[in-house]
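# Working through the structure, step by step
Take a look at the letters that make up each chain.
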Amino acid sequence: MTDLRLSVIVVSRHRAAALTRCLTGLMQQDHVATEVIVVADPAGVGFAASLGANLKTAVYDHPNISAARNLGLSLAAGTVVAFIDDDAVPEPTWASRLIAPFIDPGVVAATGFVRGRNGISYQWRAAEVDAMGMDHALDVPMEGVTLRAGTHDRAVKTQGTNCAFRATRLRAIGGFDPAFRFFLDEADVNLRLAPLGLTAIVPDAQVHHGYHASDRRRSDRVPLDLTEIAASTAVFLRRHTPHGLAAAKARLWHDQRRRVLRHLIDGRIEPRDVGRLMRSLTQGWDTGLERAMTARSPLPDTTVPFQKLAGSGPRTGTFLVGRSWQRTALLTAARARVQAGQIVTVLCLSPGWRRHWHSFDSAGFWVQTGGLWGRAARDGPHPGPRRLVAVAQAEIRRLGAFRPL
């Protein structure tokens, strides 16, 4: 385990409950030299301070994630700076695994894998992004670290809720561009940073990301406004591929209209919402064409000392197994084990074939529910009838790769 110092920045706005859950997960990281910086609205900063975890905080209440991240970067005293969304929770080994490749001085960035809302399926694995803002999936080994070089035209895409950068290099390129208030902000950094070194893809550095509601989307991922998607796309193309504006605009309209119509067909929105959303796309494109863009100047090093997160460091773990009618007892035991400082995972199954769901409880433990004969991995064969002990053994093998059990 490397002793490099890591600064984790969490940007949050008007989602105090999600932020508290994320910070609870960060307090269970096994990397000792970790500090956490919370950039949030006043209420979010207040909730963060109430945890008593020796956090760094900064108040910022504007809809601009790039500016908020730069504010966090100004407070970051770590050799490496990582980012995670407030509606995500990291595995206990996330920080130590994400920072490990930076032992190699040629590594300037790293990214891990992201599990989706059911806590089992992958939402994001590995991809490159090109100068048109298009993603291209990468086939990388599921074990070990893959190092890849990039150029200003094509680079490994670091997922915003699971990424890290060498702090000196990120500051040298001017950090994040505030012209990207939301969307394509990491892709812009990736293309600007790629010529300076290697990017590490770390499959076992994992976070669980469940979309929470915001002013841009509902919790079921239905968009409420497309303005910033269009604006950031226009800004991205002006900076990286100005000759591709017309083609990209046509593709953006096609993709977003298809997305909106799919929600309409599925009954998630009304017909009148289609026109409203497409009008916001048009408005956003026009805004992006006019938005001021300036060359990024290097950011100064922080003068704030490193502030170690309370509670981080290696812990023992436990795996509690039972039936659905034992749920109350299992959760009571889980809370007690968390208070004793353990990483706790609860497997609580009911009779039947219901598919499994895995999530992090705000009380500080992991819970997996579903049917005794239900499927965990969505793309695997159906397990068929089996005993509880067999299910527990299979899940211990799967989860033991990411947390102590």
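First things first, this report covers the structure right here in the doc. Model, not experiment: these values are computed from the prediction. (Residues numbered from 1 in each chain as written. Predicted model: local features only at pLDDT ≥ 70, side-chain atom pairs only at ≥ 80, totals over all residues. Heavy atoms only, no water.)

## Notes on the overall build of the chain
What counts is decided by this rule: Counting from the N terminus, the helices are the DSSP runs of H or I reaching at least four residues and the strands are the DSSP runs of E reaching at least two. Whether two residues are in contact is decided by their heavy atoms, any of which lying within 4.5 Å being enough. Residue burial considers only the protein chains on display, and all accessible areas are found by Shrake-Rupley using a 1.4 Å probe. Counted charges follow a simple rule, with Lys and Arg positive, Asp and Glu negative, and His plus the chain ends left uncounted. Charge positions come from single atoms, namely NZ of Lys, CZ of Arg, CG of Asp or CD of Glu.
Within the chain, the regular secondary structure consists of 11 helices and 17 strands. Once the C-alpha set of the chain is aligned to its principal axes, its extents read approximately 60 × 55 × 40 Å. Long-range contacts, defined here as pairs at least 24 residues apart, represent 73% of the contacts in the chain between residues at least 6 apart. For the chain, the accessible area works out to roughly 17,000 Å², and carbon and sulfur atoms hold 55% of it. The averaged location of the 35 negative side-chain charges in the chain is 6 Å from the averaged location of its 51 positive side-chain charges.

## Things to note about the side chain of Thr161
Rules: Any pair of nitrogen or oxygen atoms within 3.5 Å is treated as a polar contact; in protein, a donor-acceptor pairing is required on top of that, and neighbouring residues in sequence qualify only through side-chain atoms on both sides.
Following the sequence through the fold, Thr161 ends up in the loop between strand S11 (154–156) and strand S12 (163–166). Separated by 3.1 Å, the side chain of Thr161 and the backbone nitrogen of Asp85 make a polar contact. Setting aside anything within four residues of it in sequence, one finds Thr161 in contact with Phe83, Ile84, Asp85, Ala88, Val114, Val207 and His209.

## Observations concerning the packing of aromatic side chains
Convention followed: Each pair of aromatic rings taken from Phe, Tyr and Trp, with Trp reduced to its six-membered ring, is defined by centres within 6.5 Å and is described as stacked if the planes are under 30 degrees apart, edge-to-face if over 60, and tilted in the remaining cases. Buried residues are those whose accessible area, probed at 1.4 Å on protein chains only, stays under 20% of the maximum for their type, while exposed residues exceed 50% and partly exposed ones sit between those limits. Throughout this description, the term charge over a ring refers to an Arg CZ or Lys NZ atom that lies within 6 Å of the ring centre and within 35 degrees of the ring normal.
Tallied over the entire structure, the rule returns 9 aromatic pairs. Geometrically, the ring pair formed by Phe165 and Phe176 is edge-to-face, given 6.3 Å between the ring centres and 85 degrees between the ring planes. One end of the pair, Phe165, is in strand S12; the other, Phe176, is in the loop between helix H5 (167–172) and helix H6 (185–193), with 11 residues separating them in the sequence. Take Phe165 and Phe176: they sit in the same class, and that class is buried. Note on Trp253 and Trp285: the rings are 6.1 Å apart at their centroids and 85 degrees apart in plane angle, and the pair reads as edge-to-face. You can see Trp253 sitting in helix H8 (residues 245–265) and its partner Trp285 sitting in helix H9 (residues 271–290), a full 32 residues away along the chain. Taken together, the ring pairs connect Phe83, Phe165 and Phe176 into an aromatic cluster. If you follow Lys249 out to its NZ or CZ, it ends over the ring of Trp253, 5.3 Å from the centre.

## Some remarks on the nonpolar core
Short version of the rule: Side-chain atoms within 4.5 Å are what join buried Ala, Val, Leu, Ile, Met, Phe, Trp, Tyr and Cys residues into a set we call a nonpolar core.
Counting residues in each nonpolar core, the largest one holds 35 residues, and the members touching the most others are Val8, Val10, Leu23, Leu26, Val36, Ile84 and Trp94. Contributing elements (two or more residues each) for this core: strand S1 (6–12), helix H1 (16–26), strand S2 (34–40), helix H2 (42–50), strand S4 (80–85), helix H4 (94–99), strand S6 (107–115) and strand S13 (198–209). Counting residues in each nonpolar core, the second largest holds 23 residues, with Ile9, Val11, Ala58 and Ala67 among its members.

## Brief notes about the pattern of salt bridges
Our working definition: Here, a salt bridge means any Lys or Arg side-chain nitrogen found within 4 Å of an Asp or Glu carboxyl oxygen.
On inspection of all chains with the given rule, the structure shows 21 salt bridges. Across the salt bridge formed by Asp255 and Arg258, the nearest N and O atoms sit 3.7 Å from each other. Taken together, the residues Asp255 and Arg258, both in helix H8 and 3 residues apart, mark about one turn of the helix. With relative accessibility at 29%, the residue Asp255 sits in the partly exposed group. When the shortest N-O distance is used, the salt bridge between Glu395 and Arg398 registers 2.8 Å. Taken as a pair, Glu395 and Arg398 lie in helix H11 (residues 388–399) at a separation of 3 residues, close to a single helical turn. Note on Glu395: relative accessible area 5%, which makes it buried. The exposure class assigned to Arg398 is partly exposed, which follows from its relative accessible area of 21%.

## Details of the environment of Ala82
Topologically, Ala82 is positioned in strand S4. Residue Ala82 is classed as buried on the basis of its relative accessible area, which comes to 0%. The contact partners of Ala82, leaving out residues within four places of it in the chain, are Leu6, Ser7, Val8, Ile9, Trp94, Leu98, Cys163 and Ala164.

## Some remarks on unusual backbone geometry
Positive phi is not limited to glycine here, since Asn54 has a value of about 60 degrees. Considering the arrangement of structural elements, one finds Asn54 in the loop between H2 and strand S3 (56–59). Look at Phe183: it is not a glycine, yet its phi comes out positive at around 90 degrees. Position of Phe183 relative to the elements: it lies in the loop between H5 and H6.

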